[in-house]
Amino acid sequence: NGHLGHFILTSRLLPLLQAANGRVVNVSSLKGFDPFHGFDIQDMLFERRAYDPFVAYGSTKRANMLFTYEFNRRFAQHG
């Protein structure tokens, strides 16, 4: 999954970011907003549906955006 690298890197850098009052900037693409390619959280590994590289790419972009929203919700009060 193309999102895991972003998640792991941010998680490991979090103590340093907090100590330095740093910020996280995530860059995505409009593919994450594509309403024609669903984000199936129950089948992220395409085990129950046919693999489509464009859907997979869109799913990773959507995962990046959801992670960013949740990260902001949890840590916005820390600066």
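Up top you'll find the structure we're talking about.
These figures come from a predicted structure and were not determined experimentally. (Residues numbered from 1 in each chain as written. Predicted model: local features only at pLDDT ≥ 70, side-chain atom pairs only at ≥ 80, totals over all residues. Heavy atoms only, no water.)

Student: How should I be thinking about the environment of Gly-58 in this particular structure?
Tutor: Topologically, Gly-58 is positioned in helix H2 (residues 53-75). The exposure class assigned to Gly-58 is buried, which follows from its relative accessible area of 6%. In this structure the C-alpha to C-alpha distance between Gly-58 and Gly-2, which are 56 residues apart in sequence, comes to 10.0 Å. (Helix = DSSP H or I, 4+ residues; strand = E, 2+ residues; numbered from the N terminus. Buried < 20%, exposed > 50% of the residue type's maximum accessible area, 1.4 Å probe, protein only.)

Student: Got a minute to help me understand the packing of helix H1 (residues 4-19) against H2 in this structure?
Tutor: To characterise two packed helices, one gives the angle between the axes of the helices and the distance between these axes. Look at H1 against H2: their axes get within 12 Å of each other, and the N-to-C directions meet at 25°. Judged by the inter-axis angle, H1 sits roughly parallel to H2. In the crossing of H1 with H2, the sense of the turn from one axis to the other is right-handed. Across the interface between the two elements, His-6, Phe-7, Thr-10, Leu-14 and Gln-18 from H1 touch Asn-64, Phe-67, Phe-71 and Phe-75 from H2. (Axes fitted to C-alpha atoms, helices over the stretch in contact; angles between N-to-C directions. Parallel < 35°, antiparallel > 145°, perpendicular 65-115°, else oblique. Left-handed = near helix turned anticlockwise from the far one by under 90°. Contact = heavy atoms within 4.5 Å.)

Student: Explanation requested: the pattern of salt bridges in the structure shown.
Tutor: Two side chains with opposite charge may pair up if their charged atoms get near one another. Summed over the entire model, instances satisfying the criterion amount to three salt bridges. With its nearest N and O atoms 3.2 Å apart, the salt bridge here joins Arg-49 to Asp-43. One salt-bridge network, in which partners are shared between bridges, spans Glu-70, Arg-73 and Arg-74. (Salt bridge = Lys/Arg side-chain N within 4 Å of Asp/Glu carboxyl O.)

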